[in-house]
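Residue-level structure breakdown
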Amino acid sequence: MLSIKSPAEMASELSSRLKQKRLEYNWTREELARRSGVAVASIRRFETQSEISLNRFLQLCYTLHALD
């Protein structure tokens, strides 16, 4: 049986996975912000509400070596 996730479910999964990647590096949100150029508020909003622009999301993925 094929299971298709809703956009909200997929956004939540992506934010959880990116947060986990940040924690694997043992980085605070502030450290990720410094390294990526994405504001701490944007990172916080993404991690808690799964909301972020595509450009900022890709920048975070690039910084965390998670573009795959």
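Bear in mind the structure is a predicted one, so any value in this text is a computation, not a measurement. (Residues numbered from 1 in each chain as written. Predicted model: local features only at pLDDT ≥ 70, side-chain atom pairs only at ≥ 80, totals over all residues. Heavy atoms only, no water.)

1. Some points on the pattern of salt bridges
- For the structure shown, the criterion picks out 6 salt bridges.
- Across the pair arginine 17 and glutamate 13 runs a salt bridge whose closest N-O atoms are separated by 3.4 Å. Pair noted here: arginine 17 and glutamate 13 are both in helix 1 (residues 7–24), with a separation of 4 residues, about one helical turn.
- Accessibility expressed as a relative area gives 53% for arginine 17, which makes it exposed.
- Across the salt bridge formed by glutamate 31 and arginine 35, the nearest N and O atoms sit 2.5 Å from each other. Of this pair, glutamate 31 and arginine 35 both sit in helix 2 (residues 29–36), separated by 4 residues, roughly a single helical turn.
- The class for arginine 35 is partly exposed, based on a relative accessible area of 43%.
- Beyond isolated ion pairs, a larger network of salt bridges with shared partners links Lys5, Glu13 and Arg17. (Salt bridge = Lys/Arg side-chain N within 4 Å of Asp/Glu carboxyl O. Helix = DSSP H or I, 4+ residues; strand = E, 2+ residues; numbered from the N terminus. Buried < 20%, exposed > 50% of the residue type's maximum accessible area, 1.4 Å probe, protein only.)

2. Brief notes about the packing of helix 2 against helix 3 (residues 40–49)
- Between helix 2 and helix 3, the least distance of the axes is 9 Å, while the angle of their chain directions is 120°. By the angle between their axes, helix 2 is oblique relative to helix 3. The two elements helix 2 and helix 3 cross, and the hand of that crossing is right-handed. Here Arg29, Glu30, Leu32 and Ala33 of helix 2 lie close against helix 3, whose contacting residues are Val40, Ile43, Arg44, Glu47 and Thr48.
- Broken down by class, the residue content of the contact of helix 2 with helix 3 amounts to 4 nonpolar, 1 polar and 4 charged. (Axes fitted to C-alpha atoms, helices over the stretch in contact; angles between N-to-C directions. Parallel < 35°, antiparallel > 145°, perpendicular 65-115°, else oblique. Left-handed = near helix turned anticlockwise from the far one by under 90°. Contact = heavy atoms within 4.5 Å. Nonpolar A, V, L, I, M, F, W, Y, C, P; charged D, E, K, R; others polar.)

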